[in-house]
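Here is what each chain is made of, one letter per residue.
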Amino acid sequence: MMKLLESSVMKPTERTPDGIMSLSEFDQAGVITHVPVVYFYQGPIDFDSFIVTLKQSLTKVSVPFYPLAGRLHDIGGGRFEVDRNPIGAQFLVAESEATIEYFGDFHPTPELRALVPLVDSKAPLHEQPLLLVQVTKLSCGGICLGTAISHVMADGPSGSHFITEWARIARGEQLSNPPFLDRTILQVKDSLLPPSFEHPEYSPPPLLVGRSDAMEEITKKTVLVILKLTKKEVDKLKEKANHGRNNVNARSYSSFEAIAGHMWRCASKARRHESQQPTRLFFPMDVRNRLEPPLPQFYFGNAICRAATTSTSGELLSKPLSYASSKIREEIDKATDEYLRSSMRLLKNLPDISEYRNFHSPGCTQGAFHGNPNMAVNSWTRIPIYGADFGWGKEIYNGPAAVGSEGKFLISLSSQEEDSFVIVVHLQVAHVEDFKKFFYENI
């Protein structure tokens, strides 16, 4: 049972720039919802002192990260801009009868999601906070910090950067790496030019053979589970992916290319696709160091682009893992500065960008659906997500409190075992047990 104790708004302690801030095309095309993340801390912890410290440090860190204190405004065509009027972040305090042990392996459940504030989606957009925080006192003496940051405002690296600096200030230290807030460097300057390339990643995703839409798949019952890969298992997958490569002189397939390719094959098999079934694998790519010149190191915003590769289930399952990994590699290598800027021009010239946006919510019929027969794999392995020490030691766990809609997979590093991975899987109930079986049998 959860009890709300307090709700308040935290504003920056100093005057910050006001007025309108425009967004980049990568901001506009990204996920519109807030990303729910939980951080668990082992007790005993002085709860009242923890709350005071978090509040004071949040108001201080909101000065350099002032866009998070603003609000979005709809400007038509599915696009937004930021009103930098520092209305502030929502801050909730709660207590729960649950213990840390109650959450088991921390796989996303409704109970875990309740530890992160929900945005009132019925409220006007300009009233919805871009940052929400909830601190929950658990009956075991531990604490859960739940954060929800608007994905329109920040991607994974930017969100992690914010948490790192907030924790630093909470420990009594000075801001170390100020965010780079000028998003005009990612805005299209030559919008009258057409794209230089075809961009299949923004074309309608395949449907199940014989279907005219995805509505039936969207409404099916789904479940989230957590799977674990040891270093030994990851090494075996990489060895399997790299065996029989066409070009032995090319760089070896990465852990991501091997794991994502393996999951793509397992999903096709578990879903019992016909051999001629088209299937598309979506994944985001960090473009910070792919653009020329590279973005500033601490660019704050969305610097990710959508990538996608398509095959048939028959090809995926009849060919070795190296085939699936090679399809992913082709898309990664394609993302040059010229290709990325072409993608930005495509997005800039869309009359309505909303149909290309992922709304990230189970059962949502708006925007793109990346579920059966397709899938979307995100990786947090290069994001420094562990080590959010606010003065009471590092968290014992942090991770997502929810993972989008069906077909979403999240790969992250384990906090328990070096070089091992944790994978959150969101699939239809009818497919998940077979997926788990194939996932481990075929390593």
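I will try to describe carefully the structure that is included in this document.

What follows deals with the overall build of the chain. Each helix and strand counted, the chain has eleven helices and 15 strands in total. Here the C-alpha radius of gyration of the chain, 22 Å, is about what a compact globule of 443 residues would show, namely 22 Å. Referenced to the eigenvectors of the C-alpha coordinate spread, the extents of the chain come out at roughly 60 × 55 × 45 Å. Out of the 443 residues belonging to the chain, those deemed buried represent 54%. For the chain, contacts bridging at least 24 residues in sequence account for 80% of all contacts bridging at least 6. Approximately 19200 Å² of the chain is accessible, and the part contributed by carbon and sulfur atoms is 51%.

One can describe the packing of helix α7 (residues 255-270) onto helix α9 (residues 321-334) by two numbers: an axis separation of 8 Å at closest approach and a directional angle of 120°. Judged on the interaxial angle alone, α9 and α7 are oblique. The chirality of how α7 crosses α9 is right-handed. Facing F256, E257, A258, A260, G261, H262, W264 and R265 of α7, the residues of α9 in contact are L321, A324, S325, K327, I328, R329 and I332. Within the contact of α7 with α9, the residues separate by chemical class into eight nonpolar, three polar and four charged.

Let us now look at the nonpolar core. If you look at soluble globular proteins, the nonpolar side chains tend to sit buried side by side. The biggest cluster of nonpolar side chains holds 57 residues, and the ones touching the most others in it are L229, I259, M263, V377 and F435. Top contributing element to this core by residue count: α7, with nine residues. Residues within four places of F435 in sequence aside, it is in contact with L227, M263, C266, A267, A270, F409, V425 and L427. In this structure, F50, L58, V61 and L224 belong to the second largest nonpolar core, which totals 50 residues.

Summed over the entire model, instances satisfying the criterion amount to four cavities of 30 Å³ or more. The volume enclosed by the second largest cavity comes to roughly 60 Å³. Taken together, eleven residues make up the lining of the second largest cavity; nearest its centre are Y397, N398, G399, P400 and S412. Going through the elements one at a time, β13 (397-400), β14 (408-413) and β15 (421-428) are the ones with two or more residues in the lining of the second largest cavity.

With that settled, the discussion passes to the packing of helix α2 (residues 47-61) against helix α4 (residues 156-170). Two quantities define a packed helix pair, namely the angle between the axes and the distance from one axis to the other. Two numbers describe how α2 lies on α4: the axes approach to 9 Å, and their chain directions differ by 120°. In terms of orientation, α2 lies oblique with respect to α4. Crossing handedness for the pair α2 and α4: right-handed. Contact residues: α2 offers T53, L54, S57, L58, K60 and V61, while α4 offers F162, E165, W166, I169 and A170. Residues that form the contact of α2 with α4 fall into these classes: seven nonpolar, two polar and two charged.

The end-to-end C-alpha distance of helix α10 (residues 337-348), which contains twelve residues, comes to 16 Å, matching closely the 16 Å that a straight helix rising 1.5 Å per residue would cover. Considered for burial, the residues of α10 that qualify are D337, Y339, L340, S342, S343, M344, R345 and L347. Lining the buried residues of α10 we find α1 (25-29), β5 (79-83), β11 (304-312) and α9.

What counts, and at which threshold
- Along each chain, residues carry numbers from 1 onward, in the same order as the chain's sequence is written.
- Only residues with pLDDT of at least 70 are given local features in this predicted model, and only at 80 or more are side-chain atom pairs given and counted; all residues enter the totals for whole chains, interfaces and linings.
- Values shown for side chains rest on all heavy atoms present in the structure; no hydrogens or waters enter the calculation.
- Only DSSP runs of H or I reaching four residues or more are called helices, and only runs of E reaching two or more are called strands; each is numbered from the N terminus.
- The atom set for the radius of gyration is the C-alpha atoms, and the globule formula is 2.2 Å times the number of residues raised to the power 0.38.
- Per-residue accessibility, obtained with a 1.4 Å probe over protein chains only, is compared with the maximum for each type, and a residue is labelled buried under 20%, exposed over 50%, and partly exposed between these values.
- Contact between two residues is taken to exist if any of their heavy atoms lie within 4.5 Å; hydrogens are not considered.
- Surface exposure here means Shrake-Rupley accessible area, sampled with a 1.4 Å probe, where a residue is shielded only by the protein chains that are shown.
- Convention adopted: a line fitted to C-alpha atoms gives each axis, helices being fitted over their contacting stretch, and angles between N-to-C directions are expressed from 0 to 180 degrees.
- Angles below 35 degrees are treated as roughly parallel, those above 145 as roughly antiparallel, those between 65 and 115 as roughly perpendicular, and all remaining angles as oblique.
- Crossing handedness is defined as follows: a turn of the near helix away from the far one that is anticlockwise and smaller than a right angle gives a left-handed crossing, while the clockwise case is right-handed.
- We call Asp, Glu, Lys and Arg charged. Ala, Val, Leu, Ile, Met, Phe, Trp, Tyr, Cys and Pro are nonpolar, and the rest, Gly among them, are polar.
- We call a set of buried Ala, Val, Leu, Ile, Met, Phe, Trp, Tyr and Cys residues a nonpolar core when their side-chain atoms join them within 4.5 Å.
- Lining residues are those with an atom within 4 Å of a point, where the points come from a 1 Å grid over the protein atoms alone and group into cavities, where a 1.4 Å probe fits but cannot get out, or pockets, open sets with protein on both sides within 12 Å along at least five of seven lines.
- Grid points are joined across faces, edges and corners, and a volume is the space filled by probe spheres set on the points.
- To estimate how far a helix should extend, the number of its residues minus one is multiplied by 1.5 Å.

Coordinates in, geometry out; function isn't part of it.
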